[in-house]
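Fold and geometry: a report
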Amino acid sequence: MARITGADDHLKRLRKMTSGMRREAGKLVYTLADMHATEAALLITSGAVSGKNHVVSTPGDAPNADTHLLDRSVHAERTGPLKAISAADAPYAAALEFGTQKVEERPFMRPAAKKVRKEAGSLSKAALNMVVKGGKL
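These lines cover the structure that appears in this document, whether it is placed above or below. Computed from a prediction, not measured in an experiment: that's the story for all the values here.

Another point: the pairing of strand β2 (residues 83-88). Both strand β1 (residues 74-80) and β2 contribute to a ladder of six bridges, which runs antiparallel. Residue pairing for β2: V74 is matched across the bridge by A88. Hairpin connection from β1 to β2: two residues lie between these consecutive antiparallel strands.

This paragraph deals with the side chain of S57. The residue S57 is located in the loop between α1 (7-45) and α2 (69-73) in this model. Under the relative-accessibility criterion, S57 is labelled buried at 9%. At 3.3 Å, the side chain of S57 and the backbone oxygen of A62 are in polar contact. Those residues in contact with S57 that lie beyond four places of it in its chain are A62, P63, N64 and R106.

The subject of this paragraph is the pattern of salt bridges. Counting across every chain of the model gives four salt bridges. Linking E39 and K115 is a salt bridge whose minimum nitrogen-to-oxygen distance equals 3.5 Å. Of this pair, E39 sits in helix α1 while K115 sits in helix α4 (residues 109-132), placing them 76 residues apart in sequence. K115 sits in the partly exposed class, given a relative accessible area of 44%. Salt-bridge contacts for R110 lead to E97; the nearest nitrogen and oxygen are separated by 2.7 Å. Of this pair, R110 sits in helix α4 while E97 sits in helix α3 (residues 93-98), and the two are 13 residues apart along the sequence. The class for E97 is buried, based on a relative accessible area of 4%. By sharing partners, the salt bridges in this structure join E97, E105 and R110 into a single network.

Conventions used here
- Residues numbered from 1 in each chain as written.
- Predicted model: local features only at pLDDT ≥ 70, side-chain atom pairs only at ≥ 80, totals over all residues.
- Heavy atoms only, no water.
- Pairing = 2+ DSSP bridges.
- Helix = DSSP H or I, 4+ residues; strand = E, 2+ residues; numbered from the N terminus.
- Buried < 20%, exposed > 50% of the residue type's maximum accessible area, 1.4 Å probe, protein only.
- Polar contact = N/O pair within 3.5 Å; in protein donor to acceptor, adjacent residues only side chain to side chain.
- Contact = heavy atoms within 4.5 Å.
- Salt bridge = Lys/Arg side-chain N within 4 Å of Asp/Glu carboxyl O.

And the structure:
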């Protein structure tokens, strides 16, 4: 019968790696939510003119910032160890994103998600490589 030496030490390393992986995955999840929120805010402020010379965006394009209530309401927050959200809290955010009977949609969260999704895969691979090699993000 073969005896495995160091099994207890190996088991401790595996347990530690698992908690380390969860911690690094949690960082990644929050980072992606924050990237999404940042991209959404940039879509709103990009090319926008506030005040007297404000021009309303065309339907289908992200809204142009005027008072900055909308872009400043976009944020990311952790909702659990492996969960995070990005949200826009302005009272009219959903109406602009999805449209209403009176206003055509001017999406900013969905296009931001599409753009960030492209980067998410490479960031996830990099995070996995860091965890496997014992590094941190």
